[in-house]
Amino acid sequence: MFLGLDLGTSGVKALLIDGDQRVVASANASLDVSRPHPGWSEQDPANWVEATRIALLSLRDSHPAEMGAVRGIGLSGQMHGATLLDKAGKVLRPAILWNDTRSHREAAALDADPQFRQLTGNIVFPGFTAPKLLWVRENEPEIFAATANILLPKDYLRFWLTGEFISEMSDAAGTAWLDVARRDWSDALLAACGLDRSHMPALVEGTAPAGRLRGDLAAELGLPVGIVVAGGAGDNAASACGMGTVASGSAFLSLGTSGVLFAATDSYRPNAESAVHTFCHALPNTWHQMGVILSATDAMNWLSSVVGVKPAELTGAVGGALQAPSSVLFLPYLSGERTPLNDAAIRGAFLGLGHESDRGVMTRAVMEGVAYAFRDNRNALEAAGTKLDRVTAIGGGSRSDYWLTVLATVLGVPVDIPADGDFGAAFGAARLGLIAAEGADPASICLAPAIARTIEPVAKLQSAFDDGFARYRKAYPAIKGVFQ
């Protein structure tokens, strides 16, 4: 058996697979996000540990024999989060998360330093880890002075599981401290933030062993003592491993809390000006390009909270054949936007509302606005040298055929839907645990799933959605000045 742990923003998922990569069992535990000020997003790392413990104890109780047969653990997690520890390994403050935009000024200052784009291949976004540390240095100097170790969220779980300070390339690439071509920390970039290698975890590839399970936890959780914990991956690279998106040219679209358009590459091909992320993949000698929108299903969750109807009911009520866009336009910038805008200050908007704009129209507008944001990402990937002929859809929003039809039509490419199964980040993490424990060939493990069906673009509505996208592109410059 092999175990994958995925530390998401809204919860932790634990997934058991067997040696043939069949899913045996899974368990979840929820997490909340604290937003003490506008633009802030924080979590207490102690809650990560507790949620992970709850999920693992659930598996221990429901599948004791299988848990006792686990040979490897893989980790996945939300990227970019700044988890600050003192010399004793004590957490100094709540972790600052990926969708926290308080450090936009610090990010702009770092991005103005040419060595950051030169060495990382990326714009320094406010969500990245490095500007968060500058914010802490400026606003919480006593915390900064006491910081001895900086860990990404999943690597804090590793510290709890193994006692080791270790990270891996895919997650480290999202800090703005990694020389992404060389796959190593950059002393120059660390020094620019008042840090050095002593603050950083050791680095391994995602497929490599990175610690062993502590005996006391093994006894509590019903796991064998000393089993290997793999390097693992940031959530998107882990999802790519689960989807088999590891060969150059393969791509997936994740319609989750945030939205991701992810394409694997066999070489380092940065194009920071396009606001596309160029990161290390979880597999050795592999990279990827990725466009990110900050609010995908999170936009539907927001509408759900406003109207008091569950998201699945909102999307389910739309149903039926695809309709042309209405006059209502939604901009999904609820937490700012990353690709291609790199704008932390912008906020979302409904435009074109009329008396006839009912709940269904607004729900469709949210779906369409998110799809237009994905088209922005597709265009940015093309500017960075990656053309997509089709994508495979994953994430909670992919349960809505209507939404996927909107996406296929707006993007102008077929959208493949995997056969029933779990191919997300927890599954990818479990695959990495298998590879690390067994010394397996990654290419033979990280295979693509069977495709159950494909949703094609609706050709007769292509022009209407092209017009809708053109209006979407005009809207951002029109409202930008309002939020500056």
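Not measured: the values here are computed from a predicted model. Residue numbers here run from 1 along each chain, matching the order of that chain's written sequence. Thresholds applied to this predicted model are a pLDDT of at least 70 for local features of residues and 80 or more for the giving and counting of side-chain atom pairs; totals over whole chains, interfaces and linings are not thresholded and use all residues. Hydrogen atoms and water are omitted, and side-chain values are computed over all heavy atoms in the structure.

Helix and strand definitions follow DSSP, with helices as H or I runs of at least four residues and strands as E runs of at least two, each counted in order from the N terminus. Secondary structure assignment for the protein chain yields 18 helices and 24 strands. Just to be clear, the radius of gyration here is over C-alpha atoms, and the globule rule we use is 2.2 Å times residues to the power 0.38. Relative to the globule expectation of 23 Å for 484 residues, the C-alpha radius of gyration of the protein chain, 21 Å, shows essentially globular dimensions. Here the C-alpha coordinates of the protein chain stretch approximately 65 × 50 × 45 Å along the principal axes. Sequence-distant contacts in the protein chain: of pairs separated by 6 or more residues, those separated by 24 or more amount to 73%. The convention is simple: Lys and Arg are positive, Asp and Glu are negative, and His and the chain ends are not counted. Charge placement uses NZ in Lys and CZ in Arg. For Asp and Glu, CG and CD serve respectively. The averaged location of the 50 negative side-chain charges in the protein chain is 2 Å from the averaged location of its 39 positive side-chain charges. Contacts are assigned to residue pairs that have any heavy atoms within 4.5 Å of one another.

Two side chains of opposite charge can pair, provided their charged atoms sit close to one another. For this analysis, a salt bridge means a side-chain nitrogen from Lys or Arg found within 4 Å of a carboxyl oxygen belonging to Asp or Glu. Under the counting rule described, the total for this entry stands at 28 salt bridges. Across the salt bridge formed by Asp18 and Arg22, the nearest N and O atoms sit 3.1 Å from each other. Throughout this description, buried means an accessible area under 20% of the type-specific maximum (1.4 Å probe, protein chains only), exposed means over 50%, and partly exposed covers the range between. Asp18 sits in the buried class, given a relative accessible area of 12%. A salt bridge links Glu168 to Lys154; its shortest N-O distance comes to 2.9 Å. Placement of the pair is Glu168 in strand S9 (residues 166–168) and Lys154 in helix H7 (residues 153–162), with a sequence separation of 14 residues. A single burial state applies to Glu168 and to Lys154, both of which are buried. When salt bridges with common partners are traced through the structure, they connect Glu42, Arg93, Asp100, Arg102 and Glu140 into a single cluster.

Right, let's talk about the packing of aromatic side chains for a bit. Each aromatic pair joins two rings of Phe, Tyr and Trp (for Trp, the six-membered one) with centres within 6.5 Å, and gets the label stacked for planes under 30 degrees apart, edge-to-face for over 60, and tilted for any other angle. Per the stated rule, a full pass over the model turns up 15 aromatic pairs. Aromatic side chains Trp48 and Tyr156 sit 6.3 Å apart centroid to centroid with 65° between the ring planes, which places their arrangement in the edge-to-face category. With a gap of 108 residues between them, Trp48 in helix H1 (residues 45–62) and Tyr156 in helix H7 connect regions that are remote in the sequence. The exposure class assigned to Trp48 is buried, which follows from its relative accessible area of 0%. The exposure class of Tyr156 is buried, given its relative accessible area of 11%. Ring geometry for Tyr372 versus Phe469: centroids 6.1 Å apart, planes at 50°, classification tilted. With Tyr372 in helix H14 (residues 359–383) and Phe469 in helix H18 (residues 462–480), this pair connects stretches of sequence that are 97 residues apart. You can call Tyr372 buried: its relative accessible area is 1%. Accessibility expressed as a relative area gives 8% for Phe469, which makes it buried. By the ring-pair criterion, three or more aromatic residues cluster together here, those being Tyr333, Tyr372, Phe469, Tyr472 and Tyr476. Each ring is checked for a lysine NZ or an arginine CZ that lies within 6 Å of its centre and within 35 degrees of its normal; such an atom marks a charge sitting over the ring. Between the NZ or CZ atom of Arg102 and the centre of the ring of Trp40, over which it lies, the distance is 3.5 Å.

Glancing now at empty space enclosed by the protein. Definitions used throughout: a 1 Å grid over protein atoms alone; a cavity as a set of points that fits a 1.4 Å probe which cannot get out; a pocket as an open set with protein on both sides within 12 Å along at least five of seven lines; a lining residue as one with an atom within 4 Å of a point. Grid points are joined across faces, edges and corners, and a volume is the space filled by probe spheres set on the points. Across all of its chains, the model carries two cavities of 30 Å³ or more by this definition. For the largest cavity, the calculated volume is near 80 Å³. Lining the largest cavity are Trp98, Thr101, Phe125, Pro126, Gly127, Leu294, Ser335, Glu337, Arg338, Asn342, Asp343 and Ala344. Asp, Glu, Lys and Arg are counted as charged, while Ala, Val, Leu, Ile, Met, Phe, Trp, Tyr, Cys and Pro are counted as nonpolar; the rest, among them Gly, fall into the polar class. In terms of residue class, the lining of the largest cavity is made up of five nonpolar, four polar and three charged. Thr129, Ile150, Leu151, Leu152, Asp155, Ser167, Ala172, Thr175, Trp177, Trp185, Met200 and Pro201 together form the lining of the second largest cavity. Considering only residue class, the lining of the second largest cavity consists of eight nonpolar, three polar and one charged.

Let's shift gears to the side chain of Arg378. Within the fold, Arg378 resides in helix H14. Residue class for Arg378 comes out buried when judged on its relative accessible area of 16%. Separated by 2.5 Å, the side chain of Arg378 and the backbone oxygen of Leu411 make a polar contact. Beyond its immediate chain neighbours, meaning those up to four positions away, Arg378 contacts Leu261, Val410, Leu411 and Gly412. Polar contact is defined as a pair of N or O atoms within 3.5 Å, subject to the rule that within protein one atom must be able to donate a hydrogen and the other to accept it, and that residues adjacent in sequence are counted only when both atoms are side-chain atoms.

Here the focus is unusual backbone geometry. Most peptide bonds take the trans form, and the phi angle of most residues other than glycine is negative. Here the residue pair Thr339 and Pro340 is connected by a cis peptide bond, since its omega of 0° sits within 30 degrees of zero. Relative to the assigned elements, Pro340 resides in the loop between strand S20 (329–331) and strand S21 (349–351). Within the chain, Ala176 stands out as a residue other than glycine whose phi angle is a positive 75°. What makes Ala176 buried here is its relative accessible area of 3%. Of note, Asn285 is a non-glycine position whose phi angle comes to about 60°, a positive value. Inspection of the secondary structure puts Asn285 in the loop between strand S18 (277–280) and strand S19 (287–293). For Asn285, a relative accessible area of 58% corresponds to the exposed category.

Residues Glu106, Ala107, Leu110 and Asp111 constitute the buried set of helix H3 (residues 104–111). End-on, the buried residues of H3 take up no more than an arc of 135°, which puts them together on one face. Turning to H3, the residues buried within the fold contact helix H4 (114–120) and helix H5 (129–139). In this description, the arc belongs to the directions extending from the helix axis to the C-beta atoms.

We now examine the sheet that holds S18. Pairing between strands is defined by DSSP: at least two bridges between the two strands are required. Across the sheet, which stays open at both edges, the seven strands sit in the order S18-S19-S17-S16-S22-S23-S24 with mixed pairing between neighbours. Each end of this open sheet is capped by a strand with a single partner; those strands are S18 and strand S24 (451–455). Neighbouring strand axes in the sheet, compared pairwise and without regard to direction, differ in orientation by 30° on average. As a rule, the C-alpha atoms of each element are fitted with a line to give its axis, helices using only the stretch in contact, and angles between N-to-C directions run from 0 to 180 degrees. Sheet contacts for H14: strand S16 (251–255), strand S17 (259–265) and S19; angle to S19, the most-contacted strand, approximately 150°.

We now examine the nonpolar core. Side chains that are nonpolar tend, in soluble globular proteins, to be buried together. The definition of a nonpolar core used throughout is a set of buried Ala, Val, Leu, Ile, Met, Phe, Trp, Tyr and Cys residues joined through side-chain atoms within 4.5 Å. Core analysis: the biggest nonpolar cluster contains 108 residues, and Leu3, Ile73, Trp177, Leu195 and Leu223 have the highest contact counts within it. With eight residues, the top contributor of residues to this core is helix H16 (residues 425–438). The residues contacting Leu3, other than those within four sequence positions of it, are Ala14, Leu15, Leu16, Leu56, Leu59, Val70, Gly72, Ile73, Gly74, Leu223 and Ala430. Listed in part, the 59 residues of the second largest apolar core include Ala251, Leu329, Leu388 and Val413.

Okay, the pairing of strand S1 (residues 2–7) next. Most of S1 is tucked away: six of the six residues are buried. Where S1 and strand S5 (residues 72–77) come together, six bridges link them in parallel fashion. Within the sheet, the bridge partner assigned to Gly4 lies in S5 and is Gly74. As defined by bridge partners, S1 adjoins strand S2 (residues 11–17) across six bridges and the pair is classed as antiparallel. Within the sheet, the bridge partner assigned to Leu3 lies in S2 and is Leu16. Counted along the chain from S1 to the antiparallel partner S2, the turn is three residues long.

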